[in-house]
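Residue-level listing of the chains:
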Amino acid sequence: MSQSVTQPTDNPADTADDLLFPVPDEDGAPFWEYAARGELRVQTCAECTAPRFPPRPCCPHCQSFDSHWRATSGRGRIWSFVVPHPPLLPAYAAQAPYNAVVVELADAPRIRLVGNVVADADARLDSVDPARLRIGAPVRAVFHTPPGGVTVPRWVLERP
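Analysis parameters
- Numbering of residues starts from 1 in each chain and follows the order in which that chain's sequence is written.
- This being a predicted model, a pLDDT of at least 70 is required before a residue's local features are given, and a value of 80 or more before pairs of side-chain atoms are given or counted; all residues contribute to the totals for chains, interfaces and linings.
- Excluding hydrogens and water, the side-chain figures rest on all heavy atoms present in the structure.
- Here a pair means two rings of Phe, Tyr or Trp (six-membered ring of Trp) with centres within 6.5 Å. Their orientation is stacked below 30 degrees between planes, edge-to-face above 60, and tilted elsewhere.
- A 1.4 Å probe rolled over the protein chains alone gives each residue an accessible area, and that area as a share of the maximum for its type sets the label: buried under 20%, exposed over 50%, partly exposed in between.
- Counted as over-ring charges are cases with an Arg CZ or a Lys NZ within 6 Å of the ring centre that also lie within 35 degrees of the ring normal.
- One requirement defines pairing of two strands: DSSP has to find at least two bridges between them.
- What counts as a helix is a DSSP run of H or I of at least four residues, what counts as a strand is a run of E of at least two, and both are numbered from the N terminus.
- To obtain an axis, a line is fitted to C-alpha atoms, over the contacting stretch when the element is a helix, and the angle between two such axes runs from 0 to 180 degrees between their N-to-C directions.

1. Some points on the packing of aromatic side chains
Argument step 1. The tally for this structure, following the rule as stated, stands at four aromatic pairs.
Argument step 2. For the ring pair phenylalanine 31 and tryptophan 32, a centre distance of 4.9 Å and an interplane angle of 85° mean the geometry is edge-to-face. One exposure class covers both phenylalanine 31 and tryptophan 32, and it is buried.
Argument step 3. Counting every residue linked through ring pairs, the aromatic cluster contains Phe31, Trp32 and Phe53.
Argument step 4. Note that arginine 41 overlies the ring of tyrosine 34, its terminal NZ or CZ placed 4.4 Å from the centroid.

Okay, structure coming up:
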């Protein structure tokens, strides 16, 4: 779906230089284009209607090459999370402790997205105390656009 590259930024939410941001590939480009519009969409097979992620040309269930991008509610639940100790990359040390979560989408349970739970779309990665995170906690998508970067989905707790 994409590669990660480092990118310097001046956004207060991304105070460290060299944070990782996605570089869209051909199959995943629509995902990032919808995200830039504030929409969370998943690629869905036009034949068997199975959602798939990461995006790819062929359906793994029926092998159809026909697909469309279905809007989701943007709601999900924390399926898993980790708080890196110490941060794995030096650029993230200024925002530690931060979380990395796997979110299972409410209306596409086989789809799980990786991101961060934050206080709001443009908040720092350390804006939510890791002690507040729980497996199964309801979250909803918000969208963060770093200067010169690709808009990425982030997550806020539904019940703060």
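2. Structural notes on the sheet that holds strand β6 (residues 75-82)
Argument step 1. Across the sheet, which stays open at both edges, the five strands sit in the order β8-β7-β6-β9-β10 with antiparallel pairing between neighbours. Looking at which strands have only one partner, the edges of the open sheet turn out to be β8 (108-115) and β10 (152-157). Averaged over all pairs of adjacent strands, the angle between their axes in this sheet comes to 45°, without regard to strand direction.
Argument step 2. Here five bridges tie strand β7 (residues 100-105) to β8, and the two strands are oriented antiparallel to one another.

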